[in-house]
Amino acid sequence: MPRQAYVNGRYLPHGQATVHIEDRGFQFADGIYEVVPVRQGTLIDEEPHLDRLERSLGELRIAMPMRRRAIKLILRELIRRNDLHDGFVYMQVTRGVAPRDHKFPAHSTPTLVMTTRRMKPHREAVLRDGVSVITAPDIRWGRCDIKSVALLPNVLVKQAAAEAGAYEAWQVDDEGRVTEGSSSNAWIVTGDNKAVTRDATHAILNGITRLSLLKVIEAEGYSFEERPFTVAEAKTAREAFLTSSSSFVMPVTRIDDAPVGDGRSGKLTAALRKHYMDYMTEQGAGG
Ligand code: PMP
């Protein structure tokens, strides 16, 4: 079955799915996106993702392209048409098509695009050995809480990570504190076994995986703290990991040139990953 995409009311073969050259997403990055994981055919945390989509749009004063119920129908139809079991749906909404002019057009209809992508399960070796991250200055704007498609700083820093043979780059603010990864949230585990991740201000994207993991941590009786941590603290932490809709809970075992802990995936990280995977499975079971 050829891959299908959804563009402004139509399902099209992926290669023929296009938007106009004067779409403001293309001209100004005037739009937002969401990535919703799909596990065994089930959308994970659909409501929180749609809440964040609506919030991002609200912050940019872009109208919802349609009612939430209609978006949910399209999400399901696209999963069906692509026979998607494990992967994710990418959704993008822009302010729409208008002659190029920075200020908002008087009238425009939001563009809605959705695509799907399959994802292979993470390899056991990666989960055992963990991944490495580099650190780099955070050069982004002051509203990183909006899931904007303006991702150039994230692109550049992820490229730097790839060129250094690392999986991710942790961005660092002017005070030497980690904000977040280029496409994931950053976590450490302290000596007294507390999971620490930066508090959700305008400096980071409030990851849905981050939010769900905080709930899982609480439900399982582990302790956590939402506060910034420095690169120095991260390098001497007991464990480190990152979270995102595609990495779930991923152990981080090297930061720049320093191993984290004993350089192997940590105990709490492994436990949290397992609880998070169970949490996703329960959603498939209607839980
Ligand atoms: N921060 C940034 C900058 C991201 O791009 C992402 C992934 N979209 C995340 C954090 C993690 O968010 P989520 O758990 O919702 O995928």
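That block above? That's the structure.
All of the points below concern the structure found in this document.

1. Here we look at the sheet that holds strand E6 (residues 111–118)
Point 1. The strand order E2-E1-E6-E5-E3-E4 describes an open sheet built from 6 strands, whose pairing is antiparallel. With one partner strand each, in any of the chains shown, strand E2 (10–13) and strand E4 (42–43) form the two edges of the open sheet.
Point 2. By the bridge criterion, 8 bridges tie strand E3 (residues 31–39) to strand E5 (residues 87–94) in an arrangement that is antiparallel. Bridging across to E5, Val38 finds its partner in Gly87.
Point 3. Sheet strands in contact with helix H2 (residues 46–60) are E3, E4 and E5, and its direction is about 175 degrees off that of E3.

2. Description of the packing of H2 against helix H3 (residues 68–81)
Point 1. Between H2 and H3, the shortest axis-to-axis distance is 12 Å and the interhelical angle comes to 125 degrees. Taken together, the axes of H2 and H3 lie oblique to each other. As H2 runs across H3, the sense of the crossing is right-handed. Counting all contacts with H2, which are made through Glu46, Glu47, Leu50, Asp51, Leu53 and Glu54, the residues of H3 involved are Arg68, Ile71, Lys72, Leu75 and Arg76.

3. Examining helix H6 (residues 208–219)
Point 1. Spanning 12 residues, H6 covers 17 Å between terminal C-alpha atoms, matching the ideal 16 Å at 1.5 Å per step.
Point 2. All of the buried residues in H6 are Ile208, Thr209, Arg210, Ser212, Leu213, Leu214, Val216 and Ile217.
Point 3. Downstream of H6 by one or two residues, Gly221 has phi in the positive range, about 85 degrees.

4. Some thoughts on the environment of Arg210
Point 1. The residue Arg210 is located in helix H6 in this model.
Point 2. On the basis of relative accessibility, which here comes to 1%, the residue Arg210 falls in the buried class.
Point 3. Separated by 26 residues in the primary sequence, Arg210 and Thr236 place their C-alpha atoms 22 Å from one another.
Point 4. Discounting residues that sit within four places of it in the chain, Arg210 has contacts with Asn185, Trp187, Thr197, Arg198, Asp199, Ala200, Ile204, Glu226 and Thr243.
Point 5. A polar atom in the side chain of Arg210 sits 2.9 Å from the backbone oxygen of Arg198.

5. Remarks on the packing of H6 against helix H8 (residues 267–284)
Helix packing geometry: the angle between the two helix axes and the distance between the axes.
Point 1. Closest axis-to-axis distance for the H6/H8 pair is 10 Å, and the angle between their directions is 105 degrees. By the angle between their axes, H6 is roughly perpendicular relative to H8. Residues Thr209, Ser212, Leu213, Val216 and Ile217 of H6 pack against Leu272, His275, Tyr276 and Tyr279 of H8.
Point 2. Counted by class, the contact of H6 with H8 contains 6 nonpolar, 3 polar and no charged residues.

6. Regarding the nonpolar core
Point 1. If you look at the biggest cluster of nonpolar residues, it comprises 22 residues, and the most contacted ones within it are Val89, Met91 and Met114.
Point 2. Contributing elements (two or more residues each) for this core: E3, H2, H3, E5 and E6.
Point 3. Apart from residues lying up to four places away in sequence, Val89 is in contact with Glu34, Val35, Val36, Val38, Leu43, Leu75, Leu78, Ile79, Met114, Thr115 and Thr116.
Point 4. Trp170, Val178, Ala186 and Phe229 belong to the second-largest nonpolar core, a separate cluster that totals 20 residues.

7. Notes on the layout of surface pockets
Point 1. Its boundaries defined by the atoms lining it, the largest pocket holds a volume of some 950 Å³.
Point 2. Lining the largest pocket are 38 residues; nearest its centre among them are Tyr33, Val35, Lys147, Ser182 and Ser183.
Point 3. Going through the elements one at a time, E3, E5, E6, helix H5 (152–163), strand E9 (178–181), H6 and strand E13 (239–244) are the ones with two or more residues in the lining of the largest pocket.
Point 4. Across the lining of the largest pocket, the residue classes tally to 14 nonpolar, 15 polar and 9 charged.
Point 5. Of the domains in this structure, domain 1 (4–118) and domain 2 (124–286) are the two that each give at least three residues to the lining of the largest pocket.
Point 6. Of the voids in this model, the second largest pocket is the one considered here, and its volume is about 220 Å³.
Point 7. What lines the second largest pocket is a set of 14 residues, among which Val19, Tyr90, Gln92, Thr111 and Val113 lie closest to the centre.
Point 8. Every element with two or more residues in the lining of the second largest pocket is listed here: strand E1 (4–7), helix H1 (24–28), E5 and E6.
Point 9. Its residues placed into classes, the lining of the second largest pocket shows 7 nonpolar, 6 polar and 1 charged.

Basis of the calculations
Residues numbered from 1 in each chain as written. Predicted model: local features only at pLDDT ≥ 70, side-chain atom pairs only at ≥ 80, totals over all residues. Heavy atoms only, no water. Pairing = 2+ DSSP bridges. Helix = DSSP H or I, 4+ residues; strand = E, 2+ residues; numbered from the N terminus. Contact = heavy atoms within 4.5 Å. Axes fitted to C-alpha atoms, helices over the stretch in contact; angles between N-to-C directions. Parallel < 35°, antiparallel > 145°, perpendicular 65-115°, else oblique. Left-handed = near helix turned anticlockwise from the far one by under 90°. Expected span 1.5 Å × (residues − 1). Buried < 20%, exposed > 50% of the residue type's maximum accessible area, 1.4 Å probe, protein only. Polar contact = N/O pair within 3.5 Å; in protein donor to acceptor, adjacent residues only side chain to side chain. Nonpolar A, V, L, I, M, F, W, Y, C, P; charged D, E, K, R; others polar. Core = buried A, V, L, I, M, F, W, Y, C linked by side-chain atoms within 4.5 Å. 1 Å grid on protein atoms, 1.4 Å probe; cavity = no way out; pocket = protein on both sides within 12 Å on 5 of 7 lines; lining within 4 Å. Points joined across faces, edges and corners; volume = space filled by probe spheres on them. Domains from an automatic or database assignment.

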